[in-house]
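Chain residues, written in single-letter form:
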Amino acid sequence: MKRLQVVSFGIGVVFILSAAFFLVGRTQPVEAASPTQTTDNQACLVCHSVAGMSKTLPNGDTLDLTIDEAAHSESVHAEAGVKCTDCHETITSFPHPKFEAESRRDATLAMYSLCQKCHAEQYHQSQDSVHFTALAAGNLSAAVCTDCHAAHTQKRITDPQTGQPFAEQRILTAETCGRCHGAIYEEFRASIHGAALYEENNPDVPTCTTCHGVHSLQGPDDVAFVLKSPTEMCGRCHTDAAMMGKYGISTNVLNSYVADFHGTTALLFEATSPDQDFNKPLCFDCHGVHSILSVDDSQHGLKIRENILVTCQKCHPDANANFSEAWLSHYDPSPEHYPVVYYVNLFYKIFIPLVLGGMSLFVLSDILNRLVIRRKRTVIHESK
Amino acid sequence: MSQNKGTSPRYLRFTLAQRIEHLVMLLSFATLGLTGLPQKFPLASASKLVISLLGGIETVRFIHHTAALVMMLGTIYHILGAGYKIFVLRLPMTMLPTFKDVKDAFQAFFYNLGLNKRFPQMGRYTFEEKMEYWAFVWGAIVMGITGFMMWNPITTTRFLPGEFIPAAKAAHGGEALLAILAIIIWHMYGVHIKRFNKAMWTGYLSEEEMLHEHPLELADLKAGVAKPSVEPKTLRRRQAIYFPIAAILAIVMLAGVYFFVFGETTALAIAPQAETAPIYAPRTPTPQPTATAAPTSSLPQVWEGAIGMLFPQRCGLCHGANSFTGLSLDTYTNVLAGGKNGVVVVPGKSAESPLVILQAQGGHGGQLTLEELAMVEAWIDAGAPEK
């Protein structure tokens, strides 16, 4: 009887334990997912949402320790359920381990490489960028991840539905770059592209990253990047008939540039030696880099001959007004535009086939003579 | 015929100097063609291949310019040599085109078609050879002038409209194409395919070849009238006149070539910086958090506006409202109420207040400065007034 009690007790224990495991197994992971995270972040925010919380660093910088709770809750990281401690890995308890940073910049530079935990691709792309080259060369102002992307309040940039950046992002990007590149930002805003971007958020005009790239972005020191500007930057849109048609802009600009000595050379450099130093003008040497204006601009437009001469003289200091006419202003030669070039081409279009045709005719007659007539003559001769 | 080839007479057609001249022109022409065509058709993949193999477009242009210089020097040599033959030796100008050449050409053409029974009888230079020679002369003039215009565009546009530069480029390319194709069709066929004529390499033609191709010259040679001999005295007199003139001509032409090649530095070797705006120019300094100035001891030692601002700022990180530490220093009431371990402020007795004792030890998470601590002590000693 005692034995039966032991057995039934054992069965009871097993049943209760299984039930407990069943319940625990069912419920715990579901609960563990978000509430724990929220609790974690809330534990941090208990203190770090207090306004004005800061720390004075040894160099005198004030390090802001307050998180804007409202802005944070709208951020893409909050949306994805990223925990404070995912990035602030060393802070697991209170009091926190001593924070060692000489300055605010040091604090940023100590943190940014953590981004690669989740954003490895973007991080590695950025390693090849002009910013990281500058950083490696000792320029501590060069932008790192969190200089462009707000660490705690960054909102979603690309629309998950389309994979494309949101419409408002184009201006936000220019604003972001402009924070450090203020002079270039001002030039861009005043340009025909920048004006269309800011005034009408025109989706056809480029923003900074359209030309420079996003994470692996390059600058003018990269000859290969500069060299591909006619074909891959300017040419990409300016040969797009559908896009240019909206604005009545010629799509012959790339072809007419490549037909010219400068463009031919640029194209050949790009094709055969993209890393060599290059001294021929690319699109932006005449039209401006960031300060691109319409050719019809009443003051600086390139339709004004003097303005072309000024750009010529940047590389040809001795050039006179005649010299600037050596550039055909993206026209294909025709009887109306640049007739001398047109008629020279026409002359050779007629002269070459005429001369070669005459020569070929004689050569063919000689071949005919050797193959057919002479043999016939010999036959006639022999038969006589 | 072949048996007594060794003993059959050979006729000197080209002197060694002429053969070397031909070789120099052949090499420079081929080089110009090889380096010029890829420039005329830069988009062709074959062009890109040639340019890559030669070390890039700048190297290709340098080779092209060097070959042009060689051809210009060859041309000067030829002009001076021709002058010597014409004015000093008074050789007949056998290369001049005549009406007979036109007749010969038509006769040969009709003969080829079987419409004429006899092939034309020709002298030292056949109409085919004359045509090639004068085509070369025409080509050299066009290529020289248009080449100069492209090589020296700034000098050219002092005298001509700018449009002439791209026009020169068009003519240079068109003429080049014509010359190269003419060489292939006319020259290659005429002296390589039709019959391999080795005279330009060996210098000689056999009697049979002479009879076949230059029967009139052969007849003249046999009659002894092909080359008029000059009296040594006359020769010296003519040389005395010609050499100084040739020397001046040579200097003028060489100076011209020097100007052609080195006269103009058209463009800067290094293009100026395209973007002149400073790269790094922070637009607005990144807004820094500005900490609220901590109340100083000069302020009245009361809670409101002084200690009540100091505590949340310096201690609020841990001891805020409903603090997890069990002690909240956010309100006057909470401060006097103390935490889970009892009171922290004993009004009137700063030395007995746990808050002061703890802070005086130093090393607290939210450590007050000595000045701030003195302020708190003064407030407690004053009875910790709220207002």
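Residues numbered from 1 in each chain as written. Chains lettered and ligands numbered in written order. Predicted model: local features only at pLDDT ≥ 70, side-chain atom pairs only at ≥ 80, totals over all residues.

## Examining the overall build of chain A
Point 1. Secondary structure summary: chain A contains 22 helices and 2 strands in total.
Point 2. Across the 384 residues that make up chain A, the buried fraction comes to 21%.
Point 3. At a minimum sequence separation of 6, the contacts of chain A that also span at least 24 residues come to 53%. (Helix = DSSP H or I, 4+ residues; strand = E, 2+ residues; numbered from the N terminus. Buried ≥ 20, exposed ≤ 12 C-beta atoms within 10 Å, placed from the backbone. Contact = placed C-beta atoms within 7 Å.)

## What about the overall build of chain B?
Point 1. A tally of regular secondary structure across chain B gives 15 helices and 2 strands.
Point 2. Computed over C-alpha atoms, the radius of gyration of chain B comes to 50 Å, more than 25% over the 21 Å expected from 2.2 N^0.38 for 387 residues, which places it beyond the range of a compact globule.
Point 3. Taken along the three principal axes of its C-alpha coordinates, chain B extends 145 × 50 × 40 Å.
Point 4. Looking at chain B as a whole, 25% of its 387 residues qualify as buried.
Point 5. For chain B, the share of sequence-separated contacts (at least 6 apart) that also reach a separation of at least 24 residues comes to 64%. (Rg over C-alpha atoms; globule rule 2.2 N^0.38 Å.)

## Re unusual backbone geometry
Point 1. The backbone of Ser329 of chain A sits at a positive phi, close to 50°, despite the residue not being glycine.
Point 2. Inspection of the secondary structure assignment puts Ser329 of chain A in the loop between helix H21 (321-324) and helix H22 (339-383).
Point 3. In this model, Ala384 of chain B sits at a positive phi of 50°, which is unusual for a non-glycine residue.
Point 4. With respect to the helices and strands, the residue Ala384 of chain B is situated in the segment after helix H15 (370-381).

## Section: the domain arrangement of chain B
Point 1. Partitioning chain B into structural domains gives domain 1 (10-262) and domain 2 (303-381).
Point 2. Here the C-alpha centre of domain 2 of chain B lies 106 Å away from the C-alpha centre of domain 1 of chain B. (Domains from an automatic or database assignment.)

## Some remarks on the confidence of the model for chain A
Point 1. Put simply, chain A has an average pLDDT of 85, and 87% of its residues get 70 or more.
Point 2. Low confidence marks residues 19-39 of chain A, where pLDDT is under 50. Its contacts with residues over four positions away, or in another chain, come to 3 contacts. (pLDDT = per-residue confidence, 0-100.)

## What about the environment of Gly83 of chain B?
Residues and elements named next belong to chain B.
Point 1. Along the polypeptide, Gly83 turns up in helix H3 (residues 57-88).
Point 2. Classification of Gly83 as partly exposed rests on a count of 14 C-beta atoms within 10 Å.
Point 3. Linking Gly83 and Tyr242, residues 159 residues apart in sequence, is a C-alpha distance of 8.4 Å.
Point 4. Filtering out sequence-adjacent residues up to four positions away, Gly83 remains in contact with Tyr242 and Ala246.

## Things to note about the nonpolar core
Point 1. Within the largest apolar cluster, 20 residues are counted, with the highest numbers of intra-cluster contacts made by Ala167 and Ala168 of chain B.
Point 2. Only helix H20 (305-315) and H22 of chain A together with helix H5 (127-151) and helix H7 (164-193) of chain B provide two or more residues apiece to this core.
Point 3. Here this core gets 6 residues from one element, more than from any other, and that element is H7 of chain B.
Point 4. Not counting chain neighbours up to four residues away, the residues in contact with Ala168 of chain B comprise Thr146, Met149 and Met150 of chain B. (Core = buried A, V, L, I, M, F, W, Y, C linked by C-beta atoms within 7 Å.)

## Things to note about the interface of chain A and chain B
Point 1. Listed per partner, the contact involves 67 residues of chain A and 61 residues of chain B.
Point 2. Among the residues making up the side of chain A that touches chain B, the classes are represented as 37 nonpolar, 22 polar and 8 charged. (Nonpolar A, V, L, I, M, F, W, Y, C, P; charged D, E, K, R; others polar.)

## A look at the confidence of the model for chain B
Residues and elements named next belong to chain B.
Point 1. With 93% of its residues at a pLDDT of 70 or more, chain B has an overall mean of 87.
Point 2. At the low end of the mean pLDDT range in chain B sits helix H12 (residues 303-315), at 79; at the high end sits helix H1 (residues 16-40), at 96.
Point 3. Per-residue pLDDT stays below 50 along residues 1-5; that stretch engages in 1 contact with residues further than four places along the chain or on separate chains.

## Structural notes on the environment of Phe362 of chain A
Residues and elements named next belong to chain A.
Point 1. Tracing the backbone shows Phe362 in helix H22.
Point 2. In this structure Phe362 comes out as buried when scored by C-beta crowding, with 21 C-beta atoms within 10 Å.
Point 3. Taking C-alpha positions, Phe362 is 44 Å from Glu270, a pair spaced 92 residues apart along the chain.

## With respect to H1 of chain B
A turn of α-helix holds 3.6 residues, and therefore any two residues three or four places apart point the same way.
Point 1. Between its terminal C-alpha atoms H1 of chain B stretches 35 Å, which fits the 36 Å expected from 25 residues at 1.5 Å a residue.
Point 2. Among all positions of H1 of chain B, only Ser28, Phe29, Leu32, Thr35, Gly36, Pro38 and Gln39 of chain B are buried.
Point 3. Those residues of H1 of chain B hidden inside the fold are in contact with helix H18 (261-272) of chain A together with helix H2 (45-54), H3 and H7 of chain B. (Expected span 1.5 Å × (residues − 1).)

## What to know about the packing of helix H14 (residues 354-361) of chain B against H15 of chain B
Packed helix pairs are characterised by how far apart their axes lie and by the angle those axes make with each other.
Residue and element names in this part refer to chain B.
Point 1. For the pair H14 and H15, interaxial distance at closest approach is 11 Å and the crossing angle is 160°. With respect to H15, the element H14 is oriented roughly antiparallel. In the crossing of H14 with H15, the sense of the turn from one axis to the other is left-handed. On H15, the residues that touch Val356, Gln359 and Ala360 of H14 are Leu373, Val376, Glu377 and Ile380.
Point 2. Across the contact of H14 with H15, the residue classes break down as 5 nonpolar, 1 polar and 1 charged. (Axes fitted to C-alpha atoms, helices over the stretch in contact; angles between N-to-C directions. Parallel < 35°, antiparallel > 145°, perpendicular 65-115°, else oblique. Left-handed = near helix turned anticlockwise from the far one by under 90°.)

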